[in-house]
Amino acid sequence: MKIDRNIVHQLDNRERGYRARKIRNTSLTLITCDGSSEQSFRQLAFELAEQVLLERLKTEDLCKPIDDLASETESVFNIEQSHNGLLTATVQTNRSVNVFRTSSMQKVAKYPTGDRSVWTLAFHPSNENVIAFGTLGGSVSVYVDNRLVGTLEEPDPIGSLCFHPTQNYLLLTSMNEVIFWDWDNDISYTTGMYSDCKCRFLHVTQDSRLITGITQTQTHLLEGVGKNVEHVKPEYLIVSFLRSVSLMLDKLDLTLATQADYLLQLEMNKQCLIWIHLLQTINRKRNEIRCSSTLGPTDKCTKSNLNLTLMSLIRKIDALEGALCNSSTYGQNETNERLWSPNAVLFTQPLAYFKTICQKYICQGLNSYIQYIFDLNLVRKMLRKVCRMLYRLAPSELPLTWGYISQFYGMSHTPEKNCILQAWDLDSFNGNVDDLPDFKEDWKNVITVCLINNDSNVAISQCEQFIASVRFRSTKEMEIRSLRRENFGESIFVFQFTANFVSLSFSPSGRYIAVGLRCRRNLKYAYILDKDTHRRTGGVRYGLINSNSVTEPETVSQSGINLSLPRVPERYLEINCIKWATLPGYGLLVGLKSKFIQVCR
């Protein structure tokens, strides 16, 4: 029973019961006066448990093999834990799922998976006795209290899965489809994405927001943008507008990363011409749109909230403009005489289109409507910001013909594992397929673009306010971004590194994050990062601490952390993932490539 009592519970009990009444009352008064609460106390206790662990890791060997699992020799490439941290499950290469009690790491269940290996698994977000997993062969299984209660067979491998927190649905992705499966009634709802896309990550938050990681489309990249915007129907112009802005910012960001001013100036010229062409098309077609202020009893309507999307795009524009300020080309055309004015063509007239459709029902067909819900001030702000940015760097003359405008949107081939992280509202979904998100809207509620191979490549903090991922520019960048609605998508922390990463994991408090690395030699295998102080706590590596040894500069710092494992090259253990234990003070779980799992506690 002592093993199950972690440091936070002990501190909490001490504050509640072991202090004299007078001292306790004084203490509670001070806490209340400071505007704190029990939650803030627990947060401090979480961080204390983590700091104790990190301090001990600098001087002690805490990473131990598990004697009870000595017979297990299969590779572990993912580790998942129940919502309360009491159970831990491993995904491994022996076509089975093992479940352990986290406090003792004693096995409590082993589930067979058939002929193919498990690729993804998930615990239910409120019941640790409900677990599901999907295999590379396309089979999905749900177990409740160690009993198989549902199976589903798909033709393609299962890329990711997760439970809905409040409804009886398991969400899973197979090839270019996301499936909502009610395993009790064996009913499923399916929604697709572009034919050349795959979904590699799924997670539903407690406030019913679905986080997805979907690969970027190449085949459908030019749909509704560039010259093709002329063929877009008036009711879909807002989609073309938002997708064009998203592509514009991505292109400028990629070009800016090359640090070549002449390429940046060329790209700015192209994007300016595309921007003018887009808004001129909107101006020309704005009177053709059919809107209604009310709906009939038989009319169907789809609602699309765009405020998070607009906020995210405005934040990207601000970040891009801040980076452009360091460019030598910034503002050099500002004094040139312009043959066009941004006020009427690029601001006043397009804004009239958005005023027309704001909060109205737009006809999409017979008895079919869509309502775009957005704050007009956000559109006004975005138009003003883009116009100001382009006006400073844009060409002074406009071309006589737009015949070659579509050529400007040719984008370099992106890696297959380059995914768009997005957030979707599931509040309106109650078993109606029409209420499911449209995953072809690759411009909507974008958090960032990142590299994803499996579930362990993206991490969401326990408080569900932060998300971590890795993107590739000139070097790899681990980003932590906000999931809060008030500052959705805002960058909180960025760390650059060059090694190959295999997993990301937040500590229970959300303050620290572990970046697992793939190393084939006796070097670091993880970074421990402190997002609150914007510094690296240290590189974690195999090997005994030796002040006389020489290692690569990126690994060693005064606050470096070392996990002691065999230093003999032939005994070196390569990791597949590293995860913080959900329970504070329980340390780290290390999934190894050939020796199952070790615990750093």
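Above this text sits the structure in question.
Owing to the predicted nature of the structure, the values given are computational and were not obtained by experimental measurement.

For the rest of this paragraph, the subject is helix H6 (residues 307-324). The end-to-end C-alpha separation of H6 is 26 Å, in line with the 26 Å expected for 18 residues at 1.5 Å each. Every buried residue of H6 is accounted for by Leu308, Thr309, Leu310, Ser312, Leu313, Ile314, Ile317, Leu320, Glu321 and Leu324.

With phi around 55°, Asp145 is a residue other than glycine that occupies positive phi space. With respect to the helices and strands, Asp145 occurs in the loop between strand E8 (139-144) and strand E9 (147-153). Take Asp145: its relative accessible area is 51%, and that puts it in the exposed class. Despite not being glycine, Asn367 has its phi angle at roughly 60°, a positive value. Inspection of the secondary structure assignment puts Asn367 in the loop between strand E18 (361-365) and strand E19 (368-373). Residue class for Asn367 comes out partly exposed when judged on its relative accessible area of 37%.

Looking now at the packing of helix H4 (residues 237-257) against helix H5 (residues 261-285). The interhelical angle for the contact between H4 and H5, taken along N-to-C directions, is 175°, at an axis separation of 10 Å. The angle between the axes of H4 and H5 places the two elements in the roughly antiparallel class. From H4, Leu237, Ser240, Phe241, Ser244, Val245, Met248, Lys251, Leu252, Thr255 and Leu256 reach across to H5, where they touch Leu263, Leu264, Glu267, Met268, Gln271, Trp275, Leu278, Leu279, Ile282 and Lys285. Taken together, the residues of the contact of H4 with H5 sort by class into 13 nonpolar, four polar and three charged.

What follows concerns the packing of H4 against H6. Between two packed helices, what matters for the description is the angle formed by their axes and the separation of those axes. Contact geometry of H4 with H6 gives a least axis separation of 11 Å together with a crossing angle of 25°. Between H4 and H6, the interaxial angle falls into the category roughly parallel. Crossing geometry of H4 relative to H6 is assigned as left-handed. Listed contacts from H6 to Leu242, Val245, Ser246, Leu249, Asp250, Leu252, Asp253 and Leu256 of H4 are Leu310, Leu313, Lys316, Ile317, Leu320, Ala323 and Leu324. In the contact of H4 with H6, the residues fall into eleven nonpolar, one polar and three charged.

Turning next to the sheet that holds strand E22 (residues 459-460). If you walk across this open sheet you meet the four strands as E22-E23-E24-E25, and the pairing is antiparallel. Strands at the two margins of the open sheet, each flanked by one partner only, are E22 and strand E25 (491-497). Of the strand pairs in this sheet, E22 and strand E23 (residues 466-472) are connected by two bridges, and their pairing is antiparallel. Bridge assignment links Ile460 to a residue of E23, and that residue is Ile467.

The rules behind each value
Residues numbered from 1 in each chain as written. Predicted model: local features only at pLDDT ≥ 70, side-chain atom pairs only at ≥ 80, totals over all residues. Heavy atoms only, no water. Helix = DSSP H or I, 4+ residues; strand = E, 2+ residues; numbered from the N terminus. Expected span 1.5 Å × (residues − 1). Buried < 20%, exposed > 50% of the residue type's maximum accessible area, 1.4 Å probe, protein only. Axes fitted to C-alpha atoms, helices over the stretch in contact; angles between N-to-C directions. Parallel < 35°, antiparallel > 145°, perpendicular 65-115°, else oblique. Contact = heavy atoms within 4.5 Å. Nonpolar A, V, L, I, M, F, W, Y, C, P; charged D, E, K, R; others polar. Left-handed = near helix turned anticlockwise from the far one by under 90°. Pairing = 2+ DSSP bridges.

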